[in-house]
Amino acid sequence: MASRLPLLCLYFAAAHLAEARDVQEPTAAAWGLQRHMLHPSQPSPALEDWEEPSEWTSWFNVDHPGGDGDFETLAAIRFYYGPARVCPRPLALEARTTDWALPSAVGERVHLNPTRGFWCLNREQPRGRRCSNYHVRFRCPLEVVWTAWGPWGPCSGSCGPGRRLRRRSCPGPGEDACPGRGVEAQKCVRPRCPGCSPDTCGCPDHILLGSVVTSSGRPLSGARVSLWGRPGTVATSDEHGAFQVPGVCASSQANMSARVDGFSVGVAQTRANSSSSSVATIVLDKLRKPYLVKHPESRVREAGHNVTFCCKATGNPVPKRYSWFHNGRMLARRELGSGAHLELSGLSAEQAGVYHCQAWSQAGTVRSGTAQLTVLAPGQPACDPRPQEHLIRLPNYCARPGSNGSAYLDVGLCPASTCPGPVGTGTRCGDAGSRCCTVRRLESREIRCTGVILPVKVVTQCGCQKCLPRRGLLRGRVVAADSGEPLSFARILLGPEAIGFTSYQGDFTIEVPPTTERLVVTFVDPRGEFVDTVRVLPFDPRGAGVYHEVRALRKKAAVLLDASQSNMIPLGDLEDEGPIAELVLPPGSIRASDGSPYTGTVEARVTFVDPRDLASAAAAPSDLRFVDGNGELAPLRTYGMFSVDLRAPGSAEQLHASPVTVHVAADQIRMAGHAEALRLWSLEPETGLWEEESGFEPQVTPGLRVRREERVFLAGNMEIRERRLFNLDVPEHRRCFVKVRAYANDKFVASEQVEGVVVTLVNLEPAPGYSANPRAWGRFDSAVTGPNGTCLPAFCDQDQPDAYTALVTATMGGEELEAAPSKPQPLPATVGVTQPYLDRLGYQRTDHDDPAFKRTGFRINLAKPRPGEPSEAHGPVYPWRSLRQCQDAPVTASHFRFFRVESDKYEYNVVPFQEGAPASWTSDLLSWWPNPQEFRACYLKVKVQGPQEMVVRSHNAGGSHPRTQGQLYGLRDARSVRDPLRPNTSAACVEFKCGGMLFDQQQVDRTLVTVTPQGSCRRVATNRLLQDYLARHPPPAPVEDPATFAMLAPLDPLGHNYGIYTVTDQSPRLAKEIAIGRCFDGSSDGFSREMKADVGTAVTFQCREPPARPSLFQRLLEVPASEVLSDLRREMGRVMARSPSAPQTLQGQ
């Protein structure tokens, strides 16, 4: 595996050189920006300078100059940043050095091509000069909208069924610029075609030879064949899918249809292949339940305006009939139609409320998510100009008396609400001109603290402005469940579409498509050693980033089977436990992909996820949901999942098997009613949903191979064909939701909730009499916390509180959060749940019985709230039909709590910003994050030599920008973490404000960063490479104090060799979490939560433990009082001499 990284590097190097040879150098673009020549001091072209609506991407830098030069190819950028970060056809390309100079300003010859990228060759530069380090960005067209659909065209064919088309056009440079298709088809019917008329069936010496196959070419037996439009069956296909119909005239071109249960009706026209015979091949597609790919979106409108809600479902057949519901009541189809669009005109207040759609087809029905319609009265403001309360924590030296060492300031917050779109936008599915309630005015204030004046900006007015685009982002890593090794270069599928590959370290980045409600991602191992990993990954729909660690399940070792014999494969092989089930393949049941019988040896790899092993839940596929008869997503309770891989030895071709029997040991199904409800399911990988294959019937048969006594089994039948993942599941109707919130610390302040935390709930089946001793897990669910926490689905029981229990954990970017303590007994004020419901839930943190256990989870009884019990009416467990109540519950209602362990971490921004809500960004020169579309996190690794852990602070002020010089951006505190391998050594990863362009994109600012340990410390070493870099990039930092380290922030992303860690991402939270993980690890691509203090450090401080001073009472006992008072006077005099007469303003000092 280690040899792949050099090969990958060689691949990109070869691509760079090939492009350098093959592309003719651009003439006007060879020295700067293609299509627009710039003076070095000029900013990049504004949006209005372009004929077509377009915008710049963020900046990219994937290659450092070396060897032949600097290369920033579009292929490499899409590989490392993800294919969605750059549009398919960029309009232009801009390149600047990492010092923000244009190529012409530094006298370098470069090449730019928007479709290939940027390259600079050392051999083309003036004598003695080499290429600088460049970053690039691309100009991309803004999303354009289709025109309205044109009229339907004529129906095809001369008789019988046909289809007609309608078209729409895309005003962009090409139809690919608009999402979706420009042509839509619809079934239509002309006059009935003649049936078995004398012209068709009046040829007794003629014969029709036909076959019925699937879309993959597999023969279908038992198909009922008939003449289209005429009742009755004229033939049935045999085991090879073939059929014959005598008497059909060879030249009749008759339409034949075929039907098989589970498949859509297929139609084919006969064609003559001789004077007396004809042939027809009828292709049938497997029925696929409807699946929503577009859900209606919430809208805000003024009374009298129009609105359009849109749904779109896929499946086979594609649903054509939709029903629309308002507040749960079906709307009249005669008035509003039964299409995928619901158009409402002249809105009134009565039409406000909740809307959803339901799509129907031959295969079933599916229900969409809900959308809220808000109708404003004339003159009613959509955005309250008065900001809401939003408290931020001030530094400790700003604490007020009686505040327990902390102080909070209300800096204001604009509500995350939507404003009405412009008049005329109601007939579109998407609001192209969406406006949001955001900050309209900030005011500067000063906070008087001990010895200093702290600047801050507060929100004083909100208003409707254009929304920032919301781009949900997922980052993560795919690793083996058993060893933790990364899954390198795995193919990533988003539904059916391939979107990229994981990196060498298994990392991935996925941009969530707009309007997505359920993100189904599949990771395919290129070596075939792992089961295809299908995950439904939760994300933040508001645009904040989320980090996931995905565990891939390694395939079991192959066993050799004889296809001519009966073969039994046990499912479940835990030590001291019998198998849960077995797979039985009868003789002759294995076939090739074309349906022909297979004889010989078979390599079978059957991998079982055993729910009796609690650790296996993390590697289980999908999210255990199916679409019930009402079209709603419903949960399943699993008794085991398995994948089946059948191949001929040495062949890559998958073999099929049918019929196959699954025997489930009845004594393994212990929950009441589950034996009767058990079903066999297969996974639809494109939707991540389970679909029923068959039921189970009781059967008395010889037992599994390990036990030959007679036992009772549940037998079910299945086919192993296109689908390879199966499940033994029960649809559970005892369901509820659990409310969980995450906080910044163990004070559980409502304004310090943490968003983007992935909370996971694993349902457990307890052993009889031991609710804390689980026998097996039944299902798992994950959700992401938002501004109001999150609600997780679970199984629960009203009559027996411990019928189901749950283990709940929470992570954020690799960091495990702690749960509220429960020892010696859980306290309602700490856990967040009122009594007596807390006792009924039996809350216990994971370390309750053993202090050596981690504190990162809790177990509860899933006791469903009882009607009429006031203490159980407001959470933390809610009935299944009360999801909205759970989601909207106030912070004062009962809920379970997690908190971040890094309590000695503090952040202060002069311009307030919520990292979990990118839309709260404000365009101000002092904003910590200057670009709301791309967030760059920078960290400095500080090594501390000494017996104690130290809090290290970074003071960040304007350094080189004339408008911000000396003004404070913000403060960051981080406590050093001990290195477990080195005594008296710790290190801190301290964030600082990156250098670079400010929000106006006019001029760069190299932030003046001052790092100071909060103790008796002196600087003893500085990273040599970092010292050399700062010396070569003047000016030097003005502060030279041995107790601090100061620098003007570098503009280059230097890396671990310099002790600086830089990560750029579309989510500030993700950028920071990844940078911290690399800083702990001391590498540029690793990730660790265990501090390695001697690796990748920037600066080292030696700190001594402050001498222990006796108390005043002890001193009075040991020496005369007069001497003690004299000492106190001298100490007070020294303190007053050092203190200024007036508070200092905390700016660039």
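Everything here concerns the structure above.
Keep in mind it's a predicted model, so treat the numbers as computed, not measured. (Residues numbered from 1 in each chain as written. Predicted model: local features only at pLDDT ≥ 70, side-chain atom pairs only at ≥ 80, totals over all residues. Heavy atoms only, no water.)

Attention shifts here to the nonpolar core. Counting 72 residues, the largest nonpolar core has Leu583, Phe642, Val662, Leu728 and Phe896 as the members making the most contacts within it. With five residues, the single largest contributor to this core is strand S52 (residues 735-743). The contacts of valine 662, once residues within four sequence positions are left out, are Ala581, Glu582, Leu583, Phe642, Leu680, Phe696, Leu714, Ala715, Gly716, Met718 and Leu728. One finds Leu394, Trp929, Ala937 and Tyr1061 within the second-largest nonpolar core, a separate group that totals 44 residues. (Core = buried A, V, L, I, M, F, W, Y, C linked by side-chain atoms within 4.5 Å. Buried < 20%, exposed > 50% of the residue type's maximum accessible area, 1.4 Å probe, protein only. Helix = DSSP H or I, 4+ residues; strand = E, 2+ residues; numbered from the N terminus. Contact = heavy atoms within 4.5 Å.)

Okay, the sheet that holds strand S36 (residues 520-524) next. One open sheet accounts for four strands, arranged S34-S33-S36-S37; its pairing is antiparallel. Each of the sheet's edge strands pairs with one partner strand only, and the pair in question is strand S34 (497-501) and strand S37 (533-536). Averaged over all neighbouring strand pairs, the angle between strand axes comes to 25°, with direction disregarded. Relative to S37, S36 runs antiparallel, the two being bridged by four bridges. Residue threonine 522 lies in a different strand from S37, and its bridge partner there is valine 534. (Pairing = 2+ DSSP bridges. Axes fitted to C-alpha atoms, helices over the stretch in contact; angles between N-to-C directions.)

So, about the state of the cysteines. In a disulfide, the sulfur atoms of two cysteines are covalently bonded to one another. What the rule picks out here adds up to ten disulfides. Each sulfur of the disulfide joining cysteine 791 and cysteine 886 lies 2.1 Å from the other. Note on the cysteine 791 and cysteine 886 pair: the S-S dihedral is about -110°, so by sign convention the disulfide is left-handed. Remark: cysteine 886 occurs in helix H9 (residues 883-887) and cysteine 791 occurs in strand S55 (residues 790-795); sequence separation between them is 95 residues. By relative accessible area, which is 12% here, cysteine 791 ends up buried. (Disulfide = S-S within 2.5 Å.)

For the rest of this paragraph, the subject is the packing of aromatic side chains. If you walk through the whole model with that rule in mind, you get 18 aromatic pairs. Where phenylalanine 60 meets phenylalanine 138, the ring centres are 6.4 Å apart and the plane angle is 45°; that geometry is what we call tilted. Taken together, the residues span a long stretch of sequence, with phenylalanine 60 in the loop between strand S1 (54-56) and strand S2 (69-73) and phenylalanine 138 in strand S6 (residues 134-141) at a distance of 78 residues. Phenylalanine 138 matches phenylalanine 60 in its accessibility class, with the two residues each being buried. Consider the rings of tryptophan 929 and phenylalanine 935, whose centres lie 5.5 Å apart with planes at 75°: the pair is edge-to-face. For the residue pair tryptophan 929 and phenylalanine 935, the accessibility class agrees, reading buried in each case. Three or more aromatic residues joined by ring pairs make a cluster, and in this case those are Tyr843, Phe858, Phe896 and Phe898. Positioned above the aromatic ring of phenylalanine 748, the side-chain terminus of arginine 897 is 4.9 Å from the ring centre. (Phe/Tyr/Trp six-rings, centres within 6.5 Å; stacked < 30°, edge-to-face > 60°. Lys NZ or Arg CZ within 6 Å of the ring centre and 35° of its normal.)

Any functional reading would require information beyond the geometric quantities listed.
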